[in-house]
2 protein chains.
Amino acid sequence: MADRNAPIGVFDSGIGGLTVAREIIRQIPDEPIVYFGDTARLPYGSKSKDTIIRFSRQVLHFLESQRVKAIVIACNTASAYALDTLQRETDLPVIGVIRSGAHMAAQMTRNGRIGVIGTAGTIKSGIYGDTIRQFKPDAEVFGKACPLFVPLVEEGLWHDSVTEEIASRYTAELKGKFIDTLVMGCTHYPLIRSTLRRVMGENVTLVNPAYETAIEVKGMLEANDLTCLVTPEEKYQFFVSDQAEEFTSFAKSILPEEVRETKKINIEEY
Amino acid sequence: MADRNAPIGVFDSGIGGLTVAREIIRQIPDEPIVYFGDTARLPYGSKSKDTIIRFSRQVLHFLESQRVKAIVIACNTASAYALDTLQRETDLPVIGVIRSGAHMAAQMTRNGRIGVIGTAGTIKSGIYGDTIRQFKPDAEVFGKACPLFVPLVEEGLWHDSVTEEIASRYTAELKGKFIDTLVMGCTHYPLIRSTLRRVMGENVTLVNPAYETAIEVKGMLEANDLTCLVTPEEKYQFFVSDQAEEFTSFAKSILPEEVRETKKINIEEY
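None of the values given here were measured: they were computed from a predicted structure. (Residues numbered from 1 in each chain as written. Chains lettered and ligands numbered in written order. Predicted model: local features only at pLDDT ≥ 70, side-chain atom pairs only at ≥ 80, totals over all residues. Heavy atoms only, no water.)

(A) Main features of the relation of the copies chain B and chain A. Superposition record for chain B on chain A: RMSD 0.0 Å, screw rotation 180 degrees, translation along axis 0.0 Å. What the superposition gives is, in effect, a two-fold axis relating one chain to the other. Every residue of chain B has its C-alpha some distance from the rotation axis, and the shortest such distance is that of B:R41, at 2.3 Å. (Least-squares fit on C-alpha atoms with pLDDT ≥ 70 in both.)

Take a look at the structure:
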């Protein structure tokens, strides 16, 4: 039986999952979090299913060693490839970012035509289409991999003509399908939301799975009597597999709360 | 004592080192090669020295298990961070890509002002400046990290207005330093040579360390009586830690010789 005052374990390939952690902090500010970013092996988005499952399993073991009460896979690629495996291999509740985003997209669309942008891995998996059709069987879902968005975001070009040019190219095909809803299916993408808004126009609804996932996490904790009653003094802990200092400074720019330090671990040992 | 008919081991974080393998194949076409690309953990360029040394040591063990006669670190970042360690930890000759490129830059410059472009890791290490000044103590060396070039090359935008725009931004500072020689200090960059040529103008000499390294490898084999006398039937073997099929198709577009198949291994076991 998990301790209800234990932290939620949140993991991502690197910094992108901080947009999910940010939404969790906004929705349930009393909940402690242990965050792990696999910065030694990022990105996950361009790698194979086998490899992502292997990496995610090691992260699961690390988070279990931190005695978390639940796990949030704050990475679309890892959610696409490894959610089932992790759910099978642990007794803890495991939530990915795809189901909530898919559910919201199915609810928001009026014409039933939904676009999904993400990494090569997420798009190749076809998981958003499959999940959206669980909620809305007649939905037409169009995916587009956008491999340059993550490096552009990490280079800081959030509001830049080059990012807008690349966004125009990536979304041209989706606009040609007359979608009315677009899922930002990678945790980095909310950081270029204003560029995507400009390129897609005002009539397309942008869905942010990070926001929807935070609401799902809140509901899951309540349903399982896992909401924290006594918030520990050290509310947020950050771990990475490489580049701890760079991570800390990026986390400070994303998160509303103070980020003190990030610890480096060797994830291959888990 | 190494077998002179054994293959040369060449490794990189992924596909970039194929530009080095290509030059080796051109210079010494009878030499067998075992190539390893660490595609499960790429890129190396944005990661820390400790992590790159740990990854490179595992690759060394893998290449030793393949009974190679010499090792070429066909990755600037791994050459910058791990060459010394690997040379200490094996009896095989180990050659990196930096020394040859630095030597050529020191020879080519007329005004003593040399630019170096590379990954964040290579530039942060300062190794090109240190090495160039071993050959030409009064050289002034200006480094510039170009993190978007690798993803742009991997997205296939070798001849594209976006790549040219990014190249103009990255090189503006170097042009302001009046360099007359520019080292392409990352194995991906020769693939956008024509863009770099256009942005830098005809008066700046572009140095390709891959070419210089292949000449150094040839000389090293001759000096150590390690040139191959009986070329084996399976002349080139390719191994990766992920995405074997994608690697094969990229390798076919880069290499002059037939690339049959790529084998996937778990590098974390070495």
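(B) Molecular detail of the UniProt feature "active site" (unreviewed entry) in chain A. Residues and elements named next belong to chain A. UniProt's entry tags C75 and C186 with the feature "active site" (unreviewed entry), counted in the numbering of this structure. Taken together, the annotated residues stretch across 112 residues yet fold into one region, lying no more than 6.9 Å apart by C-alpha. Structurally, the position occupied by C75 is in the loop between strand 3 (70-73) and helix 3 (76-89). Not counting chain neighbours up to four residues away, the residues in contact with C75 comprise F11, D12, S13, Y44, V97 and T187. Along the chain, C186 falls in the loop between strand 7 (181-184) and helix 9 (193-200). Among the residues examined, C186 registers a relative accessible area of 6% and is labelled buried. (UniProt positions renumbered as here; feature names shortened; annotations may be inferred. Helix = DSSP H or I, 4+ residues; strand = E, 2+ residues; numbered from the N terminus. Contact = heavy atoms within 4.5 Å. Buried < 20%, exposed > 50% of the residue type's maximum accessible area, 1.4 Å probe, protein only.)

(C) View of the packing of aromatic side chains. Per the counting criterion, the structure on display carries 20 aromatic pairs over all chains. Between A:F149 and A:Y170 the ring centres are 5.2 Å apart and the planes differ by 90 degrees, which places this aromatic pair in the edge-to-face class. One end of the pair, A:F149, is in helix 7 (residues 149-154); the other, A:Y170, is in helix 8 (residues 161-176), with 21 residues separating them in the sequence. For the pair shown, A:F149 and A:Y170 are each scored as buried. Judged by centre distance (6.1 Å) and plane angle (50 degrees), the ring pair of B:F238 and B:F247 falls under tilted. Put simply, the rings of A:F36, A:F62, A:F239 and A:Y270 pair up and form one aromatic cluster. A cation over an aromatic ring shows up here: A:R41 above the ring of A:F55, its NZ or CZ 3.8 Å from the ring centre. (Phe/Tyr/Trp six-rings, centres within 6.5 Å; stacked < 30°, edge-to-face > 60°. Lys NZ or Arg CZ within 6 Å of the ring centre and 35° of its normal.)

(D) Here's a closer look at the environment of A:D130. Residue and element names in this part refer to chain A. Relative to the assigned elements, D130 resides in helix 6 (residues 127-135). On the accessibility criterion, D130 (45% relative accessible area) is partly exposed. The spacing of D130 and V141 is 11 residues in sequence and 8.9 Å in space, taken between C-alpha atoms.

(E) Focus on the sheet that holds strand 7 (residues 181-184) of chain B. Residues and elements named next belong to chain B. If you walk across this open sheet you meet the 4 strands as 6-5-7-8, and the pairing is parallel. Across the chains shown, the open sheet's two edge strands, defined by having one partner strand only, are strand 6 (140-145) and strand 8 (205-207). Sheet twist, expressed as the average angle between the axes of neighbouring strands with direction ignored, equals 25 degrees. Here strand 5 (residues 113-118) pairs with strand 7 via 4 bridges, running parallel. Along strand 7, the bridge assignment pairs G115 with L182. (Pairing = 2+ DSSP bridges. Axes fitted to C-alpha atoms, helices over the stretch in contact; angles between N-to-C directions.)

(F) Highlighting the confidence of the model for chain A. On average, residues of chain A score 96 in pLDDT, and 100% of them are at 70 or above. Taken over the whole predicted complex, pTM reads 0.94, whereas the ipTM for its chain interfaces reads 0.92. (pLDDT = per-residue confidence, 0-100.)

(G) View of the sheet that holds strand 1 (residues 8-12) of chain A. Residue and element names in this part refer to chain A. If you walk across this open sheet you meet the 6 strands as 4-3-1-2-9-10, and the pairing is parallel. Looking at which strands have only one partner, the edges of the open sheet turn out to be strand 4 (94-96) and strand 10 (262-264). Here the strands of the sheet are splayed against their neighbours by 20 degrees on average, with no regard to which way each runs. Examined bridge by bridge, strand 1 and strand 2 (residues 33-37) share 5 bridges and lie parallel to one another. Bridging from a neighbouring strand, F11 pairs with F36 of strand 2. In the packing of helix 1 (residues 18-27) onto the sheet, contacts are made with strand 1, strand 2, strand 3 and strand 9 (236-240), and the angle to strand 2 comes to roughly 170 degrees.

(H) Molecular detail of the UniProt feature "binding site: substrate" (unreviewed entry) in chain A. All names here are of chain A. On the UniProt side, "binding site: substrate" (unreviewed entry) is annotated at positions that read D12, S13, Y44, G45, N76, T77, T187 and H188 here. On the basis of their most widely separated C-alpha atoms, the annotated residues across 177 residues gather in one place, lying no more than 12.5 Å apart. Among the secondary structure elements, D12 is positioned in strand 1. The class for D12 is buried, based on a relative accessible area of 1%. Those residues in contact with D12 that lie beyond four places of it in its chain are G17, Y35, F36, G37, D38, A74, C75 and T187. Only 3.1 Å separates the side chain of D12 from the backbone nitrogen of G14, close enough to count as a polar contact. When you line up the elements, G45 lands in the loop between strand 2 and helix 2 (49-65). Residue class for G45 comes out buried when judged on its relative accessible area of 11%. Here G45 is in contact with T77, T119, A120 and G121, once residues within four sequence places are set aside. (Polar contact = N/O pair within 3.5 Å; in protein donor to acceptor, adjacent residues only side chain to side chain.)

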